[in-house]
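Examining the three-dimensional arrangement
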Amino acid sequence: MSVIIIGAGPAGCEAAYRLARSGESVELIEKEAEIGGNLNNWYQLFPDRKQAADLKAKLRKNIEHPQIHLHLKSKPVAFSRQGDGTIQLTLDDGALITGKALLVASGFRTFDAHRKEEYGYGIYENVITSVELENAFINHQINTSTGHAPKRIGLIHCVGSRDEKICRLYCSKLCCVTAVKQAIELREMLPEAEILCFYMDMRMFGPGYEEMYREAQEKYNIKFVRGRLSEASEDREKRLIIKVEDTLVGKPLKMTLDLMVLMVGMEPAEGNDQLISMLNLQTAPNGFIQVSDPHSGTNCTHQKGIFVTGCSSSPMNLTDTLTDARSAAVTISEYLNS
Amino acid sequence: MSVIDSLKKDIHYIESLNSCMNCGVCTAICPAAEFYNYDPRIIADTVQRQDEESLEALLKSDTIWYCGECMSCKTRCPRGNTPGGIIMALRRASQEQGWFTESEKGRQQFALKRVLGTNILNYGYCITPDIVKPEMHPEQGLVWEWIYEHRDDVYERTHANYRHSGAGTLRKVDDDSLNELRQIFEVTGGSEFMEKIETYSLRKAEENGLDPESYFLQTYMANNGTHGEEKSNR
């Protein structure tokens, strides 16, 4: 009997590989036509600027392990348990999968920036998200909607994070460092442009992050303005007029940007609520899956035999996601052998 | 009672300040901050720090009178605060203590009380054309001057019922309604509140050696021209 894993993003793939290596058979279920999840939207990774495609290739190679059975374009639609506790999962193609343990690695989705209407995403042409900027990096092309190289670019932190107005009270953790990384990448492509980050707090929590932030200021001439965007409007040239307060100066500020990038935060994955209700799990206050203990049970849920890893339980960067997946593999191995 | 204790009893304060993270969204959206030496974020921060000396200085300053109470800040704050509501509580505290007479913008409370406060009780309107005298309102310009001089004819032609009993725009508010209005002011403490503004203001007038009328005109017309200027201690 196997371990069932829902989601073949970085967390699901890493956990599958580690479990397979320790002798378990794994059923890996992915709703999309390919593995990788949100990693597929990224160009380079912080802090070392590794190509996201390289990491994905490694994950893909790992899950070629003979003990791993990958089910692409598949979604679980029903869940039940047999008398001995064996987990049964019905997929949308009618397949029935059984396992001794289930690992939820359904990940996250990025915040839908349309919901911050005052920022003008979907209304003004030159407002894009950090995900769209990554795609622009993949294509090596940064232009405004009118076909010009942007002269002044603003990166807006905390879009969909730390904001009561959209019921997202938590910090998504990695938007700050993403902004720093993207600002540096922008600088490399546009040596003459003015690049500004509008932040509230710089949360440089990971190894190498603070150093990257400092380098962004010292070496790449990125400007950091401490103030949260209140609203944007558009002028006749399709440029954006933004209003923030430079809180360190104590003055309201109006500025024109050619391109505005919204650093979108992380939300529970699409289908998260249905999954929680299907598996009878608990929802954490932030909407993600509640773990059984914030220190000793970070991979455990309130259901025996059902585990969680990666961004299913809270926003995480890739480093922590992969670490968490290995931790989940150990937790499951222990469970299976006890 | 300390300023902070009196604020904590005010429903506007209770509803308006949870905890501020100084993000500046309120200042960025604030129309008053665009023109005045005014920063709603600093208001929230000052109150949050609960330093009595700073609070007293704030209540005696022009600062709390710059806000237009448009409440744009409420629509934006990611922590659910309302600096405009904090201002309402600060203004009330300043009025209760009489500290509003310490600043030019604060002293305008007297003009407001004498104009709007008196009008509502006398006419049932905060503003009626009769009392918008052109010499007191140069900003209204020549057109208003002409309308004012010909107001009976003008309002008749616009089918208003100006100063007459019965139905229609600008009609005379009947005595029963006026009495009811005055009673509401009595029962809710509105009259007592306005009396307080009057008392503190006349005390200030006397302190400055001005008769009430001159003091009124001063509160109405004075502008030291520094309200938009940056203060060096910012």
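Computed from a prediction, not measured in an experiment: that's the story for all the values here.

What counts, and where the lines are drawn
- Residues numbered from 1 in each chain as written.
- Chains lettered and ligands numbered in written order.
- Predicted model: local features only at pLDDT ≥ 70, side-chain atom pairs only at ≥ 80, totals over all residues.
- Helix = DSSP H or I, 4+ residues; strand = E, 2+ residues; numbered from the N terminus.
- Buried ≥ 20, exposed ≤ 12 C-beta atoms within 10 Å, placed from the backbone.
- Contact = placed C-beta atoms within 7 Å.
- Rg over C-alpha atoms; globule rule 2.2 N^0.38 Å.
- Domains from an automatic or database assignment.
- Nonpolar A, V, L, I, M, F, W, Y, C, P; charged D, E, K, R; others polar.
- Pairing = 2+ DSSP bridges.
- Axes fitted to C-alpha atoms, helices over the stretch in contact; angles between N-to-C directions.
- Parallel < 35°, antiparallel > 145°, perpendicular 65-115°, else oblique.
- Core = buried A, V, L, I, M, F, W, Y, C linked by C-beta atoms within 7 Å.

1. Description of the overall build of chain B
The number of helices and strands found in chain B is 14 helices and 0 strands. Starting at the N terminus, the α and β elements of chain B follow one another as α-α-α-α-α-α-α-α-α-α-α-α-α-α. A buried classification covers 28% of the 234 residues belonging to chain B. Of all intrachain contacts in chain B linking residues separated by at least 6 positions in sequence, the fraction that spans at least 24 positions is 62%.

2. Notes on the overall build of chain A
Helix and strand counts for chain A come out as 7 helices and 19 strands. Radius of gyration (C-alpha) of chain A: 21 Å, near the 20 Å computed for a compact globule of 338 residues. Along the first, second and third principal axes, the C-alpha atoms of chain A reach 65 × 35 × 35 Å. Relative to its full complement of 338 residues, chain A shows a buried share of 47%. Taking the contacts inside chain A whose residues are at least 6 apart along the sequence as the reference set, 65% of them involve residues at least 24 apart.

3. Structural notes on the domain arrangement of chain A
The domains assigned to chain A are domain 1 (2-107 + 269-337) and domain 2 (113-266). Contacts between the two partners involve 11 residues from domain 1 of chain A and, on the opposite side, 18 residues from domain 2 of chain A.

4. Quick look at the interface of chain A and chain B
Chain A puts 15 residues into the contact, and the matching count from chain B is 19 residues. Ranked by the residues each element gives to the side of chain A that touches chain B, the list is headed by strand E15 (residues 240-246) of chain A, at 3 residues. Tallied by class, the residues present in the side of chain A that touches chain B amount to 3 nonpolar, 4 polar and 8 charged.

5. Remarks on unusual backbone geometry
Look at the link from Phe46(A) to Pro47(A): it is a cis peptide, with omega at 0°. Here Pro47(A) shows up in the loop between strand E3 (44-45) and strand E4 (50-51). If you check the backbone angles, Asn221(A) has positive phi at about 55° while not being a glycine. With respect to the helices and strands, Asn221(A) occurs in the loop between helix H5 (209-218) and strand E13 (223-226). The exposure class assigned to Asn221(A) is partly exposed, which follows from the 13 C-beta atoms found within 10 Å. Residue Glu69(B) is not a glycine yet carries a positive backbone phi of 50°.

6. Some remarks on the sheet that holds strand E16 (residues 251-257) of chain A
Residues and elements named next belong to chain A. Pairing in this open sheet of 3 strands is antiparallel, and the strands run E14-E15-E16 from one edge to the other. Each of the sheet's edge strands pairs with one partner strand only, and the pair in question is strand E14 (231-234) and E16. The average angle at which neighbouring strand axes cross in this sheet is 25°, direction not considered. Bridge count for E15 against E16 is 7 bridges, and the pairing is antiparallel. If you follow leucine 240 over to E16, its bridge partner there is leucine 257.

7. Quick look at the sheet that holds strand E12 (residues 194-199) of chain A
Residue and element names in this part refer to chain A. Strand order in the open sheet formed by 5 strands is E10-E17-E11-E12-E13, with parallel pairing between adjacent strands. Two strands in the sheet have a free side with no partner beyond their single neighbour: strand E10 (127-129) and E13. The sheet shows a mean angle of 25° between the axes of neighbouring strands, direction not considered. In terms of strand pairing, strand E11 (residues 152-159) meets E12 through 5 bridges, oriented parallel. Paired with isoleucine 153 across the bridge in E12 is isoleucine 195. In this fold helix H4 (residues 175-189) packs onto E11, E12 and strand E17 (259-264), with an angle of close to 170° to the strand it touches most, E11.

8. Thoughts on the environment of Asp130(B)
Residue and element names in this part refer to chain B. Tracing the chain through its elements places aspartate 130 in the loop between helix H9 (104-123) and helix H10 (141-149). With 13 C-beta atoms counted inside 10 Å, the residue aspartate 130 sits in the partly exposed group. Distance from aspartate 130 to arginine 151, taken between C-alpha atoms, is 8.4 Å for residues 21 residues apart in sequence.

9. Things to note about the packing of H9(B) against helix H14 (residues 212-221) of chain B
All names here are of chain B. Put simply, H9 and H14 touch, their axes get as near as 8 Å, and they point 105° apart. Comparing the axis directions of H9 and H14 gives the class roughly perpendicular. Taken together, the residues of H14 that come into contact with H9 (itself represented by Arg107, Gln108, Phe110, Ala111 and Arg114) are Phe216, Thr219 and Tyr220. A breakdown of the residues in the contact of H9 with H14 according to their chemical character gives 4 nonpolar, 2 polar and 2 charged.

10. Brief notes about the environment of Met1(A)
Residues and elements named next belong to chain A. Within the secondary structure layout, methionine 1 lies in the segment before strand E1 (2-6). The class for methionine 1 is partly exposed, based on 13 C-beta atoms found within 10 Å. With 307 residues separating them along the chain, methionine 1 and valine 308 place their C-alpha atoms 19 Å apart. With sequence-adjacent residues up to four places away left out, methionine 1 is seen in contact with Thr86, Thr98, Gly99 and Lys100.

11. Some thoughts on the nonpolar core
Burial of nonpolar side chains together is a common tendency in soluble globular proteins. Residues and elements named next belong to chain A. Counting 81 residues, the largest nonpolar core has Ile156, Ala183, Met260, Val261 and Leu262 as the members making the most contacts within it. Counting residues per element, this core draws most heavily on H4, which supplies 8 residues. Those residues in contact with valine 261 that sit more than four places away from it in its chain are Ile128, Ser130, Leu133, Ile153, Leu155, Ile156 and Gln182. Core analysis: the next-biggest nonpolar cluster, separate from the first, contains 41 residues, Leu28, Leu59, Leu322 and Ala325 among them.

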